[in-house]
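Chain by chain, the residues run as shown.
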Amino acid sequence: MERLDKLLASTGRWSRSQVKELVRQGRVRVDGRVAARPEEKCAPEQELTVDGEPVCLQKFVYIMMNKPDGWLSATEDKRQQTVLDLLDKPLQRRGLFPVGRLDKDTTGLLLLTDDGELAHRLLAPKSHVDKVYLARVDGCVNEDDVKAFQEGMVLEDGLECLPAGLEPLEDGSRCLVTLREGKFHQVKRMLAARGKPVLALRRLSMGPLQLDRSLPEGGWRPLTEGELQALREAVPAKV
Ligand code: URA
């Protein structure tokens, strides 16, 4: 048995305080009966509805976050804030983790889940999931840089990069970078190797998953059914 507010908040659809408000307004039912208190105990197999809509207590949770600058993509850290600290407590306790890391100063699309198998499939190099980044650089990228990215660069430190996409925007001080892999600081290292150090970096998409532009920095929401389906279809079942 678990508290009703914890169970509902663990879906990622409502915060604990939102659940309290929903219960107060009589919008939550347990097995057809209006829930009296957010603290009341119920079993996960009982039928829960909010506004008459059944609430599915899924096995796994999938959260899209617009990662803010200054937060670590990690599950815990002794000194610094991690992206998990941005979530409500019941979600934090589910054991979610970021699927791939963004640097502390990189913003944008971050997927958090407790589904280790899907995460593994998304990160496996063989899955070839394209990640698109918007970079602002010191200088302007040009056609030579585009060609170098296309051909696959070998950096001075020996890092071998697969062919990657580079699309200059406006005057070239901003560009879109598309990578099929995710090596440490890869976008920054590739652009620095071309003499165009990155000033700001934001991830816009990961495979079919696009950053929801209505999410403020630090905001998050569960994936829609459609987004989850598209992600599953983008990666083979066995890698
Ligand atoms: N490449 C980088 O350099 N940093 C990131 O955070 C992601 C990709």
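Shown above is the structure to which this text applies.
Scope of this entry: the structure provided in the associated data block. Since the model is a prediction, treat every value here as computed from it, not as a measurement. Counting starts from 1 at the beginning of each chain's written sequence and moves along it residue by residue. At least 70 in pLDDT is required for a residue's local features to be given in this predicted model, at least 80 for side-chain atom pairs to be given and counted, and no such filter applies to totals for whole chains, interfaces and linings, which use all residues. The basis for every side-chain value is the complete set of non-hydrogen atoms in the structure, without hydrogens or water.

Remarks on the site of the ligand
What makes a residue near a molecule or strand is one non-hydrogen atom of that residue sitting within 4 Å of it. Near the ligand you find Leu102, Asp103, Thr106, Tyr133, His185, Gln186, Val187, Lys188 and Leu201, and these make up its full shell. Any N or O atom pair separated by 3.5 Å or less is treated as a polar contact, with the protein-specific requirement of one donor-capable and one acceptor-capable atom, and with residues adjacent in sequence counted only for side-chain atom pairs. Between the ligand and Thr106, the relevant distance is 2.8 Å, taken from an oxygen atom to a side-chain nitrogen or oxygen of the residue. Here a nitrogen atom of the ligand and a backbone polar atom of Val187 are 3.1 Å apart. Counting residues per element, the shell around the ligand draws most heavily on helix H6 (residues 186-193), at 3 residues. Classifying every residue of the shell around the ligand gives 4 nonpolar, 3 polar and 2 charged. A run of DSSP states H or I qualifies as a helix once it reaches four residues; a run of E qualifies as a strand once it reaches two. Both are numbered from the N-terminal end. Only Asp, Glu, Lys and Arg are considered charged in this grouping, and only Ala, Val, Leu, Ile, Met, Phe, Trp, Tyr, Cys and Pro are considered nonpolar; every other residue, Gly among them, is considered polar.

Quick notes on the nonpolar core
If you look at the biggest cluster of nonpolar residues, it comprises 34 residues, and the most contacted ones within it are Leu87, Val177 and Leu191. If you list the elements that add at least two residues to this core, you get strand S7 (62-67), strand S9 (107-113), strand S10 (131-137), helix H5 (143-151), strand S12 (174-179), H6 and strand S13 (198-206). Contacts between residues were defined by any pair of non-hydrogen atoms, one from each residue, lying within 4.5 Å. Other than its neighbours up to four places away in sequence, Val177 contacts Lys131, Val132, Tyr133, Phe149, Gly165, Leu166, Val187 and Leu191. Of all hydrophobic cores here, the second largest spans 17 residues; its members include Ala119, Met206, Leu231 and Val235. Put simply, buried Ala, Val, Leu, Ile, Met, Phe, Trp, Tyr and Cys residues joined by side-chain atoms within 4.5 Å make one nonpolar core. When accessible area is computed with a 1.4 Å probe and restricted to protein chains, residues below 20% of their type maximum are described as buried, those above 50% as exposed, and intermediate ones as partly exposed.

So, helix H4 (residues 116-123)
Leu118, Ala119, Arg121 and Leu122 are the residues of H4 that are buried. In an axial view of H4, the angular spread of the buried residues amounts to 165°, which keeps them on one side of the axis. Of the surrounding elements, those touching the buried residues of H4 are S7, strand S8 (97-98), S9, S13 and helix H7 (225-234). Where H4 begins, the capping side chain belongs to Asp115, and its oxygen is found 3.2 Å from the backbone nitrogen of Glu117. This arc corresponds to the set of directions leading from the helix axis out to the C-beta atoms.

Some points on the side chain of Glu40
Here Glu40 shows up in the loop between strand S3 (33-34) and strand S4 (41-42). Owing to a relative accessible area of 9%, Glu40 belongs among the buried residues under this scheme. At 2.9 Å, the side chain of Glu40 and the side chain of Arg33 are in polar contact. If sequence neighbours within four positions are ignored, Glu40 has contacts with Glu2, Arg3, Leu4, Val30, Arg33 and Ala35.

Some remarks on H7
Listing the buried residues of H7 in full gives Glu227, Leu228 and Leu231. One face of H7 carries all of its buried residues, which in axial projection span an arc of 95°. The exposed residues of H7 that point more than 90 degrees off its buried face are Glu225 and Glu233. Those residues of H7 that are buried lie in contact with S7, S9, H4, S13, strand S14 (209-210) and strand S15 (220-222).

Here's the deal with the environment of Arg202
Among the structural elements, Arg202 can be located in strand S13. The spatial distance from the C-alpha of Arg202 to the C-alpha of Asp145 is 20 Å, given a sequence separation of 57 residues. Residue contacts for Arg202: discarding those within four places in its chain leaves Asn66, Thr106, Thr107, Gly108, Val132, Tyr133, Leu134, Leu211 and Glu217. At a separation of 3.2 Å, a polar atom in the side chain of Arg202 contacts the side chain of Thr107.

Considering the pattern of salt bridges
Any carboxyl oxygen of Asp or Glu within 4 Å of a side-chain nitrogen of Lys or Arg constitutes a salt bridge here. By the definition in use, this model includes 20 salt bridges. Between Asp145 and Arg194 there is a salt bridge whose closest N-O contact spans 2.6 Å. With a gap of 49 residues between them, Asp145 in helix H5 and Arg194 in the loop between H6 and S13 connect regions that are remote in the sequence. As a salt-bridge pair, Arg221 and Glu227 come within 2.8 Å of each other at their nearest N and O atoms. There is no split in this pair, since Arg221 and Glu227 are both buried. Linked through salt bridges whose partners overlap, the residues forming this network are Arg3, Asp5, Arg16 and Lys20.

Some remarks on unusual backbone geometry
If you check the backbone angles, Asp51 has positive phi at about 55° while not being a glycine. Relative to the assigned elements, Asp51 resides in the loop between strand S5 (48-50) and strand S6 (53-54). Look at Asp51 and you get partly exposed, because its relative accessible area is 45%. One non-glycine residue with positive phi stands out, namely His128, at about 50°. Here His128 shows up in the loop between H4 and S10.

Purely geometric numbers; function is a separate question.
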